[in-house]
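# Results of the structural survey
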Amino acid sequence: MRRPGPGAVASWPEFRPTALLGMLANAGIDFVVVGGVAVVVQANPRFTRDLDICHATDTANLERLGDLLISLEARLRGVDEDVPFVPDARLLRRTQMLTLSTREGDLDLLVDPPGSPGYAALRRRADTIELGGASVRVASLEDLISMKRAAGRPQDRIDVESLEIARSRLRGKRRRPYLGPRNVREMETARKMVRTARVRCATRLPT
């Protein structure tokens, strides 16, 4: 597990992503954070209006997710008419994507977004990160880049650039050799030998 990376996830009165994440985690829901919040955590602080998650589709998980959505008074976003809507497990089983408003902010549910390797692989490759006191899975840099490229909107293209920079930095850190106590001592000994050799050469030079 690691703590948030480059960007902190901000909240404001209409959108409290860390509160939503904590509720999802505490309810035992199997999910992975994707979208803008994942970009903020993995690469670059930027503005985002909603929390996007992919979720497991087994019956038990859908029931837990449905119960939480009902308790959050979730409703369809962008629908002006007061249409009957109950986001229970039966509805979730029949939908691939839902854009919702809740009392803690906007929440988008995605089963298999474009560019995703499928939920099992997405979950396996995700990073576990502590956000708002809860341990949550956040999509890996590679999977985020793939999904953002597949989406292809202007903001997605900007996100791809930020994610690729973050990936390059991460690869650079991984290539650096580990300098344990023994290696540090050996490097210091080598430096002293070089300095000594330089002094000896200098004393032998004619003035």
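Structural notes, computed from the coordinates. (Residues numbered from 1 in each chain as written. Predicted model: local features only at pLDDT ≥ 70, side-chain atom pairs only at ≥ 80, totals over all residues. Heavy atoms only, no water.)

### Examining unusual backbone geometry
Test applied: Runs of H or I in DSSP of at least four residues are treated as helices and runs of E of at least two as strands, each being numbered from the N terminus. The buried label applies to any residue whose accessible area, calculated with a 1.4 Å probe on protein chains only, is under 20% of its type's maximum; exposed applies above 50%, and partly exposed to all values in between.
The phi dihedral of Glu73 is positive, around 60°, even though this residue is not glycine. Inspection of the secondary structure puts Glu73 in the loop between helix H3 (59-71) and strand E3 (75-76). You can call Glu73 exposed: its relative accessible area is 53%.

### A short note on the pattern of salt bridges
Quick note on the threshold: By convention in these notes, a salt bridge is any Lys or Arg side-chain nitrogen within 4 Å of a carboxyl oxygen on Asp or Glu.
Scanning the entire structure with this criterion turns up 13 salt bridges. Taking the shortest distance from any N to any O, the salt bridge between Arg125 and Asp143 comes out at 2.7 Å. A residue pair is termed long-range when its members are at least 10 positions apart, and Arg125 in helix H5 (residues 119-125) and Asp143 in helix H6 (residues 141-151) qualify at 18 residues. The residue Arg149 makes a salt bridge to Glu164 at a minimum N-O spacing of 2.4 Å. Here Arg149, found in helix H6, pairs with Glu164, found in helix H7 (residues 154-175); they are 15 residues apart in sequence, far enough to count as distant. Overlapping salt bridges, with partners in common, bring together Arg46, Lys148, Arg153, Asp156 and Asp159 in one network.

### Points about the nonpolar core
Where we set the bar: Nonpolar core, defined: a set of buried Ala, Val, Leu, Ile, Met, Phe, Trp, Tyr and Cys residues in which side-chain atoms within 4.5 Å join the residues together. We call two residues in contact when some of their heavy atoms are within 4.5 Å.
One finds Leu24, Phe31, Val33, Leu51, Leu69, Leu109 and Leu122 to be the most contacted residues of the largest nonpolar core, which totals 48 residues. Here Leu109 is in contact with Ile53, His55, Leu65, Leu69, Leu92, Gln96, Met97, Leu98 and Leu100, once residues within four sequence places are set aside.

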